[in-house]
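So you can see what is in the structure, the chains are spelled out below.
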Amino acid sequence: METGAVRLQALRKTFGDLVAVQSLDLDIPEGGFFSLIGPSGCGKTTTLRMVAGLEHPDSGTIEVGGEDITRRPPYRRPVNTVFQSYALFPHLDVADNVAFGLIEERRPKAEIRERVAEMLALVQLTGRERSKPSQLSGGQQQRVALARALVKHPKVLLLDEPLGALDLKLRKELQGQLKAVQRRVGITFMYVTHDQEEAFSMSDRVAVMHEGRLEQVGTPEDVYRQPATLFTADFVGASNRTEAAVKQALGEGRYTLKSGSGYDVRARGPEGLATGAAVTLIVRPESLRLGDEGWPATITDVSYVGPAKHLELETQELGRLRATVGGGEPAAVGDRVNVSWPAEAAWIVGER
Amino acid sequence: MRLRRHWFSGLIALAVIVFLWAPLVIVAINSVNSDTLLVSWKGFTTHWYSQAAHNGTVQSGVKQTMTIALGSTAISLVLAVTGALWWRRASPRARRTFDGLTYLRIMLPEVVFAVALFLLFSKIQFPLGTTAVVIGHVVWNSAYATLIIQARVATLDPALEDAASDLGANPWRVFRRVTLPGLLPGIVAAGLLAFTFSFDDVVTSYFLTGAGTAPLPVVLLSMIRFRITPEINAIGMLVMLFTVSMFAIGFIAVTQMGRGARKALALPEVRQ
């Protein structure tokens, strides 16, 4: 097995009475785009700062590239950070900001000049070498911060909500650029954000954190389609839920459930759920289909958002449901339809 | 609505200006007046300036003042910068105590500290003189410097120091390459203020000078005790000129800080 880029073991951090991170175990594979997502206060930024060395864990170990760096000061760690506020040095111009870390490495001047130029070309800031950070736009400052951290060729690049302060359009644009830069340089990115859509669009893998604990780690698709907990299911998107009990395990993660209102439903779920276990059945709104088959329902609300229509449906058997259909679908309040979903779209979370 | 100006308020304003500035104007005029008794204008002369320049007591007084001002300013700045940086990370309780002690050094009458130090130094047989005066000046000068530098420290973004550390700078390099340049405008301002306060101090200097060389303000004080000579006017003008130009230089330094900071600290340049 290859050594991961970052390995956290039983990492714990408290601030006074507040437990920011409790016993975190996490493996981040090398060379990918990894995101740590969760609501504010879930401990994701604290985790990132511990990897950077800017916070000291109470206990546990941090390995980067197979080396234990738990006790090393930040200036001796093979990682660099892009800060949320960018933290560009106001008294230095763009080129000197990017050169900062290389000067600390005592690199020869010619090499520094070359690498700075190369980095500024990568982030498309060639020609702005002599500008002061205050003369740059938010997006440009963000790119200087990225160049300044990447120029050191870290084993892992840590990014702490680097797009949080930008407007939506610019954020989308920079998401694409960040992803492209990661593919080009091949450095492991460890990205922290509270925006799951942002994380999904860029990441190879994501980890969901909640109250200092890891809820789930996997590809964005895994996390979205097969959430391990109700928290994850809610955090990464809207869902229809209904309480149920396992009636029969069919093998290979397939089950028959008895829903709260007494109907049998087939669904997939994690392996090893016991018969009779109290579970929650989850179906994403976009998996619901309106047609001639299925449960009879009445449309009670329609909101049109352009590419899609968000519907609210009332059913006798399943209660209130939310469905997302194409923007062109004929659906109006009061319509009577039948609602169904493909069996593989129904997912079981082993808790209520 | 415009406020109507009343002739009376105009008169008061004029009187204030005259009372404040007339003495300075008279000093300026008399510093080049040939009349030894300073009762009437007897023609232009630079005699008093050259007499002041050649007066041995004045010469050594200036030298002594400079030594004391530079020494107490340097020590005050070091104490203020280290104090303010500690204060930034201290607990709220420790901060309050620190602030209290700083304000106390400014609010308590100078003469109280001067007498206290005089008594202490006699008790422990610490010799009066240059060092004693420097210590005396540091007592209040460091407090003024601390207030100014604390204000600057409060504006420093801790993320900048995190970033420097993250980029490979050890604590000393972080201080030199990020913290110090950030504090520089405050340090220049505090330095100028401290230097000026020390430069024109009489009370502390008078108590702690002892039998040795007296600094300029103390020399001036003893000169007018015997006889007011026109030379004093010339010295006054020179001190005034010196102080004003100090502040002018300081002002230029602070406003040019962007470019100045790098050169002053000899930070490495990377040209494309």
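Everything numeric here is computed off the predicted structure, so don't read it as measured data.

Thresholds, definitions, all that
- Residues numbered from 1 in each chain as written.
- Chains lettered and ligands numbered in written order.
- Predicted model: local features only at pLDDT ≥ 70, side-chain atom pairs only at ≥ 80, totals over all residues.
- Heavy atoms only, no water.
- Helix = DSSP H or I, 4+ residues; strand = E, 2+ residues; numbered from the N terminus.
- Rg over C-alpha atoms; globule rule 2.2 N^0.38 Å.
- Buried < 20%, exposed > 50% of the residue type's maximum accessible area, 1.4 Å probe, protein only.
- Contact = heavy atoms within 4.5 Å.
- Areas by Shrake-Rupley, 256 points an atom, 1.4 Å probe, with all protein chains shown as cover.
- Lys, Arg positive; Asp, Glu negative; His and termini not counted.
- Charge placed at Lys NZ, Arg CZ, Asp CG, Glu CD.
- Pairing = 2+ DSSP bridges.
- Axes fitted to C-alpha atoms, helices over the stretch in contact; angles between N-to-C directions.
- Buried area = accessible area lost by both parts, 1.4 Å probe.
- Salt bridge = Lys/Arg side-chain N within 4 Å of Asp/Glu carboxyl O.
- Domains from an automatic or database assignment.
- Polar contact = N/O pair within 3.5 Å; in protein donor to acceptor, adjacent residues only side chain to side chain.
- Nonpolar A, V, L, I, M, F, W, Y, C, P; charged D, E, K, R; others polar.
- pLDDT = per-residue confidence, 0-100.

A. View of the overall build of chain B. Helix and strand counts for chain B stand at 12 helices and zero strands. Listed by position from the N terminus, the elements making up chain B come as α-α-α-α-α-α-α-α-α-α-α-α. Scaling as 2.2 N^0.38, a compact globule of 272 residues should have a C-alpha radius of gyration of about 19 Å, whereas chain B reaches 23 Å, well beyond that. Projected onto the principal axes, the alpha-carbon positions of chain B cover approximately 70 × 65 × 45 Å. Considering chain B as a whole, with its 272 residues, one finds that 40% of them fall into the buried category. For chain B, long-range pairs separated by at least 24 residues make up 72% of all intrachain contacts whose partners lie at least 6 apart in sequence. Put simply, chain B shows about 15,500 Å² of open surface, and 71% of that area lies on carbon and sulfur atoms. Between the centroid of the 22 positive side chains of chain B and the centroid of its 11 negative side chains there is a distance of 3 Å.

B. Structural detail: the overall build of chain A. Each helix and strand in chain A was counted, giving eight helices and 20 strands. Considered along the principal axes of its C-alpha atoms, chain A spans approximately 75 × 45 × 40 Å. Classification of the 352 residues of chain A by burial places 51% in the buried group. Considering only residue pairs separated by 6 or more positions, chain A has 63% of its internal contacts joining residues 24 or more positions apart. Accessible surface, chain A as shown: approximately 15,700 Å² in total, 47% of it carbon and sulfur. Positive and negative side-chain charges of chain A, numbering 43 and 46 respectively, have mean locations separated by a distance of 5 Å.

C. Main features of the environment of Met50(A). Residue and element names in this part refer to chain A. Here Met50 is to be found in helix H1 (residues 44-52). A residue is classified by how much of its surface remains accessible, and Met50, at 0% relative accessible area, is buried. Sequence separation between Met50 and Pro220 is 170 residues, and the spatial gap between their C-alpha atoms is 24 Å.

D. Summary view of the sheet that holds strand E1 (residues 6-15) of chain A. All names here are of chain A. With antiparallel pairing, the four strands of this open sheet are ordered in space as E2-E1-E4-E5. With partners counted over all chains shown, the strands left at the sheet margins are strand E2 (18-28) and strand E5 (67-68), one partner each. Alignment of E1 against E2, held across seven bridges, turns out to be antiparallel. Residue pairing for E2: Leu8 is matched across the bridge by Leu26. H1 contacts E1, E2 and strand E4 (59-64) of the sheet and is inclined by roughly 115 degrees relative to E1.

E. Just the interface of chain B and chain A, in detail. Each side of the interface is counted separately: chain B has 25 residues, and chain A has 35 residues. Between chain B and chain A, the buried area comes to about 2,600 Å², and carbon and sulfur atoms account for 56% of it. Here chain B is connected to chain A by three salt bridges. We note a salt bridge from Asp162(B) to Arg49(A), for which the minimum N-O separation is 3.1 Å. The greatest single-element share of the side of chain B that touches chain A, amounting to seven residues, is contributed by helix H7 (residues 158-166) of chain B.

F. Molecular detail of the domain arrangement of chain A. Residue and element names in this part refer to chain A. Once the domains are mapped, chain A shows domain 1 (6-231) and domain 2 (238-349). Each of domain 1 and domain 2 has a C-alpha centre, and the two are 38 Å apart. Counting residues at the interface gives eight residues for domain 1, matched by eight residues for domain 2. Carbon and sulfur atoms make up 51% of the surface buried where domain 1 meets domain 2, a total of about 790 Å² over both sides. Summed over the shared surface of domain 1 and domain 2, the result is zero salt bridges. Our enumeration of links across domain 1 and domain 2 arrives at three residue pairs in polar contact (both at pLDDT 80 or more). In terms of residue class, the side of domain 1 that touches domain 2 is built from five nonpolar, two polar and one charged.

G. Up close: H1(A). Residues and elements named next belong to chain A. Judged by how many residues are buried, H1 sits mostly within the fold: seven of nine residues are covered. Every buried residue of H1 is accounted for by Lys44, Thr46, Thr47, Leu48, Met50, Val51 and Ala52. Looking one or two places after H1, you find Gly53, whose phi comes out positive at around 95 degrees.

H. Looking closely at the confidence of the model for chain B. Residues and elements named next belong to chain B. Per-residue pLDDT for chain B has a mean of 88; in total, 93% of the residues score no lower than 70. The least confident element of chain B is helix H12 (residues 257-264), whose mean pLDDT is 48; the most confident is H7, at 96. At the level of chain-chain contacts, confidence expressed as ipTM amounts to 0.86, with global pTM at 0.82.

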